[in-house]
Amino acid sequence: MTTFEEVHARATEMSEWVTRSLKEPLATKYPSILWSDSEFNLDNQRQAEFAGEYWILDPLDGALNFVQGFSFFALSLCLVRAGQPVVSFVYDPSSRELFHAVSGQGAFMNGSPIHVATKQGLGQPYITTSLPSNPAKEPEISELTVRGITRFMTKTVAVKILGAVSLQLAYVASGRLDGYFEFGDDYYDWLAGSLLVKEAGGIITNGQGGPFTWGTSGIITANTSLHGKMVAELREL
């Protein structure tokens, strides 16, 4: 694939296939649960869309990685009830790893319990982040991200951009990554992974260290000790 149109067409084809594969069976099994189509509608993500239960799906998180043959992509699915995420799944088809969390019952990878890492100081962690999908259209967020990377570069083991936000959050929940931060307003990108981290013993806040909820801007997540240090650094940007 050599053109943007070809890349976009392939990603769209796969996204539509995943959506069909999940939406129809879920509607049959759980007919009372609604379905959100607001993955790309940030206005609809500023508050709970429905009063009852509904599914939020990202069928191809890390679409460019998928098209390029880089095996760091996933699908994420989250069930929202009364405005709160209560069940979430992040599936990595490349490694056949299914991460899931149930509110109040813990987080798991292929059925085994997972927990966030225990590193304490800033000199130890492996931290990741993500740029906007179209950096040129969001220059302020792109600049903040670069400044955040620069700030952590000399203070941590590594800072990387991997793509597939939900999978990075799943890796934080399982202790493979130590922390994650991102600027922007893509709440649905974060929702499934945020429940994983919470149920795995981690802390999730918005980009300023405040409550992570509807209408939030940014996300910072890690274990309790490291999270506070990340918040302090990012407030200096």
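Residue numbers restart at each chain and count upward from 1, following the sequence in its written direction. Since the coordinates come from a predicted model, pLDDT governs what is reported: local features require at least 70, and pairs of side-chain atoms require 80 or more to be given and counted, while whole-chain, interface and lining totals use all residues. Side-chain metrics rest on all non-hydrogen atoms present in the structure, leaving aside hydrogens and water.

Peer 1: Hey, could you run me through the sheet that holds strand β8 (residues 126–129) in this one?
Peer 2: Strands in a sheet are paired, the pairing made by backbone hydrogen bonds, and the direction either parallel or antiparallel. When DSSP finds at least two bridges between two strands, those strands are taken to pair. The numbering of helices and of strands both runs from the N terminus, where a helix is a DSSP run of H or I of at least 4 residues and a strand a run of E of at least 2. Taken together, five strands build an open sheet; the order of strands is β9-β8-β10-β12-β11 and the sheet is mixed. If you trace the sheet from one side to the other, it starts and ends with β9 (158–161) and β11 (203–205), each paired once. The mean angle between the axes of side-by-side strands here comes to 15°, regardless of whether they run parallel or antiparallel. Of the strand pairs in this sheet, strand β10 (residues 179–182) and strand β12 (residues 219–222) are connected by four bridges, and their pairing is antiparallel. Among the inter-strand pairings, Glu-182 is bridged to a residue of β12, identified as Ile-219. Helix α6 (residues 224–234) contacts β8, β10, β11 and β12 of the sheet and is inclined by roughly 145° relative to β12. Comment: axis = line fitted to C-alpha atoms, over the contacting stretch for helices; angle = value between 0 and 180 degrees taken between N-to-C directions. Should any heavy atoms of two residues lie within 4.5 Å, those residues are counted as being in contact.

Peer 1: I would appreciate a short explanation of the nonpolar core in the present structure.
Peer 2: If you look at the biggest cluster of nonpolar residues, it comprises 36 residues, and the most contacted ones within it are Val-90, Phe-99, Leu-167 and Leu-196. Mapped onto this core, the elements with two or more residues apiece are β2 (54–61), β3 (74–81), β5 (97–102), β6 (106–109), α4 (165–173) and α5 (187–199). Those residues in contact with Val-90 that sit more than four places away from it in its chain are Ala-74, Leu-75, Ser-76, Glu-97, Leu-98, Phe-99, Ser-166, Leu-167, Ala-170, Ala-192 and Leu-196. If you look at the next biggest cluster of nonpolar residues, it comprises 14 residues, including Leu-122, Val-159, Phe-181 and Leu-234. Definition of nonpolar core: a set of buried residues of the types Ala, Val, Leu, Ile, Met, Phe, Trp, Tyr and Cys, connected through side-chain atoms within 4.5 Å. Relative accessibility thresholds used throughout: buried, under 20% of the residue-type maximum; exposed, over 50%; partly exposed, between the two (1.4 Å probe, protein chains only).

Peer 1: Looking at this model, I keep getting lost on the packing of α4 against α5. Mind explaining?
Peer 2: The description of two packed helices rests on the angle between their axes and on the distance between the axes. Orientation of α4 relative to α5, taken along the N-to-C sense of each, is 10°, at an axis distance of 8 Å. The orientation of α4 with respect to α5, classified from their angle, is roughly parallel. Side by side, α4 and α5 meet where Val-165, Ser-166, Leu-169, Ala-170, Val-172 and Ala-173 of the first sit next to Asp-189, Trp-190, Gly-193, Ser-194, Leu-196 and Val-197 of the second. For the contact of α4 with α5, the per-class residue count stands at eight nonpolar, three polar and one charged. Roughly parallel means an angle under 35 degrees; roughly antiparallel means over 145; roughly perpendicular covers 65 to 115; every other angle is labelled oblique. Charged residues are taken to be Asp, Glu, Lys and Arg, nonpolar residues to be Ala, Val, Leu, Ile, Met, Phe, Trp, Tyr, Cys and Pro, and polar residues to be all remaining types, Gly included.

Peer 1: Before we go on, may I ask you to explain the sheet that holds strand β1 (residues 34–35) in this structure?
Peer 2: On the basis of which strands lie adjacent, the open sheet formed by seven strands has the order β1-β2-β3-β4-β5-β6-β7 and mixed pairing. The open sheet has two free edges, formed respectively by β1 and β7 (112–113), since each of these has just one partner strand. Note that β2 and β3 share six bridges and pair antiparallel. Counted as the bridge partner of Asp-61 is Ala-74 from β3. Together, β2, β3, β4 (84–92) and β5 form the strand contacts of α4, whose direction differs from that of β4 by roughly 100°. Along the sheet face, α5 touches β2, β3, β4, β5 and β6 and points at about 95° away from the line of β4.

Peer 1: Quick question: what am I supposed to make of the environment of Ile-204 here?
Peer 2: Among the structural elements, Ile-204 can be located in strand β11. You can call Ile-204 buried: its relative accessible area is 17%. Once the C-alpha coordinates of Ile-204 and Ser-194 are considered, the two residues, ten residues apart in sequence, prove to be 6.7 Å apart.

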